Amino acid sequence: MTIVCAAAAAVILTGAALTLGQPEAAPASASQPTQEKLIALTFDDGPRRLTTTRLLDGLAERGALATFFLIGKQIPGQEDLILRMGQEGHQVGVHTYNHVLLTGLDPAEVEAELSPCRDLLEELLGPGEYLLRPPYGLTNQALLSQVRAPVVLWSIDPEDWDDRDTAREVEHILEHARDGSIILLHDIFPESVDAALQVVDALQAQGYRFVTVSQLFQARGITLEMGRVYGSAYPQT
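In short, a report on the structure. (Residues numbered from 1 in each chain as written. Predicted model: local features only at pLDDT ≥ 70, side-chain atom pairs only at ≥ 80, totals over all residues. Heavy atoms only, no water.)

**Here's the deal with the side chain of histidine 186**
The topology assignment puts histidine 186 in strand S5 (residues 182–186). Only 2.7 Å separates the side chain of histidine 186 from the side chain of aspartate 160, close enough to count as a polar contact. (Helix = DSSP H or I, 4+ residues; strand = E, 2+ residues; numbered from the N terminus. Polar contact = N/O pair within 3.5 Å; in protein donor to acceptor, adjacent residues only side chain to side chain.)

**Let's talk about the nonpolar core**
Judged by nonpolar contacts, the single largest core of 64 residues is most densely connected at Leu41, Leu59, Phe68 and Leu121. Sorting elements by how many residues they give to this core places helix H8 (residues 190–205) first, with seven residues. Apart from residues no more than four positions distant in its own chain, leucine 41 is found in contact with Leu59, Ala66, Thr67, Ile183, Leu185, Ala196, Val200, Phe210 and Val211. (Core = buried A, V, L, I, M, F, W, Y, C linked by side-chain atoms within 4.5 Å. Buried < 20%, exposed > 50% of the residue type's maximum accessible area, 1.4 Å probe, protein only. Contact = heavy atoms within 4.5 Å.)

**Some details on the packing of helix H2 (residues 49–62) against H8**
Their axes nearest at 9 Å, the elements H2 and H8 cross at an angle of 10 degrees. By the angle between their directions, the pair H2 and H8 is classed as roughly parallel. Residues Thr51, Arg54, Leu55, Gly58, Leu59 and Arg62 of H2 form the contact with H8, whose own contacting residues are Pro190, Val193, Asp194, Ala196, Leu197, Val200, Asp201 and Gln204. (Axes fitted to C-alpha atoms, helices over the stretch in contact; angles between N-to-C directions. Parallel < 35°, antiparallel > 145°, perpendicular 65-115°, else oblique.)

**Regarding helix H3 (residues 79–87)**
All buried positions along H3 are accounted for by Leu81, Ile82, Arg84 and Met85. For H3, the angular spread of the buried residues around the axis is 160 degrees, confining them to a single face. Looking at the packing, one finds that the buried side of H3 touches H2, strand S2 (67–70), strand S3 (91–94) and helix H4 (107–125). Of the residues flanking the end of H3, it is glycine 89, one or two places downstream, whose phi is positive at about 95 degrees. (Arc of directions from axis to C-beta.)

**A short note on the pattern of salt bridges**
In the structure shown here, the tally under the stated rule is 13 salt bridges. Glutamate 111 is paired through a salt bridge with arginine 118; the nearest N and O atoms lie 3.2 Å apart. In this structure, a network of salt bridges that share partners links the residues Asp57, Arg84 and Glu88. (Salt bridge = Lys/Arg side-chain N within 4 Å of Asp/Glu carboxyl O.)

**Let's talk about the side chain of serine 181**
Looking at the element boundaries, serine 181 is found in the loop between helix H7 (166–176) and S5. Among the polar contacts listed, one links the side chain of serine 181 to the backbone oxygen of arginine 178, at a separation of 2.9 Å. Among residues more than four places away in sequence, those in contact with serine 181 are Leu38, Ile39, Ala40, Ser155, Ile156, His176, Leu216 and Tyr234.

**Section: the packing of aromatic side chains**
Summed over all chains, the structure comprises two aromatic pairs. Arranged with centres 5.4 Å apart and planes meeting at 20 degrees, the rings of phenylalanine 43 and phenylalanine 68 form a pair that is stacked. On the criterion of sequence distance, the pair formed by phenylalanine 43 in strand S1 (residues 38–46) and phenylalanine 68 in strand S2 is long-range, its members being 25 residues apart. Using a relative accessible area of 0% as the deciding quantity, one classes phenylalanine 68 as buried. Between the aromatic rings of phenylalanine 217 and tyrosine 230, the centroid separation amounts to 5.5 Å while the plane-to-plane angle is 70 degrees, which identifies the pairing as edge-to-face. Linking phenylalanine 217 in helix H9 (residues 213–219) with tyrosine 230 in strand S7 (residues 229–230), this pair joins segments that are 13 residues apart in sequence. Each member of the pair, phenylalanine 217 as well as tyrosine 230, is classed as buried. (Phe/Tyr/Trp six-rings, centres within 6.5 Å; stacked < 30°, edge-to-face > 60°.)

**Quick look at the environment of alanine 233**
By the element assignment, alanine 233 lies in the segment after S7. When its relative accessible area of 1% is taken as the criterion, alanine 233 is described as buried. The spacing of alanine 233 and isoleucine 222 is 11 residues in sequence and 8.1 Å in space, taken between C-alpha atoms. Alanine 233 has contacts with Gly180, Leu216, Phe217 and Arg220, leaving out every residue within four places of it along the chain.

Next comes the structure, spelled out in structure tokens:
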């Protein structure tokens, strides 16, 4: 499960948007930053047949988009779910092949974790620079200098892996949600799927629109850069 130290969770850097794993987005300069309230819902550790399917059904019913950071070894046999994600406008990124801590690996081992997952996604969704979310949210300079993708963390983490308490997760997310937030959940837990859909209902009622990570940064006129870490897209004040 994704567990992160406070320092890693607090990383909030700037950069700009690429639509990764889908047709390339227009450059940020081609559009004006929107004043709409936007938020990104992200999911780690999937796909898992029953829970991910139910989540996709619920998001489709609500017109909400999300970003899925997938474990490569779980893709074979569930290719239809990844294709569905792409067809329905969701974004897909890399969460390594085996869900291992990348900061403890040498460069060859890092590449062996990233390339197979990226290759599987490209076979299904086409070429692109797929966003990376490292397991446990941990990075170091050596890793950042090697990866060929922007690194996306989060600004809201209800630690759904801990007690799997839907009500507590929803309360935590709603308490901390703001324009530009990136929410972390895991679509492998039924309780997290319940929490996600309740959060979508509550925040849509408050005027939020759920977009992919790349759409969030593009709307803010921010360019995502390879080897940089992003935790939110809060508006400049």
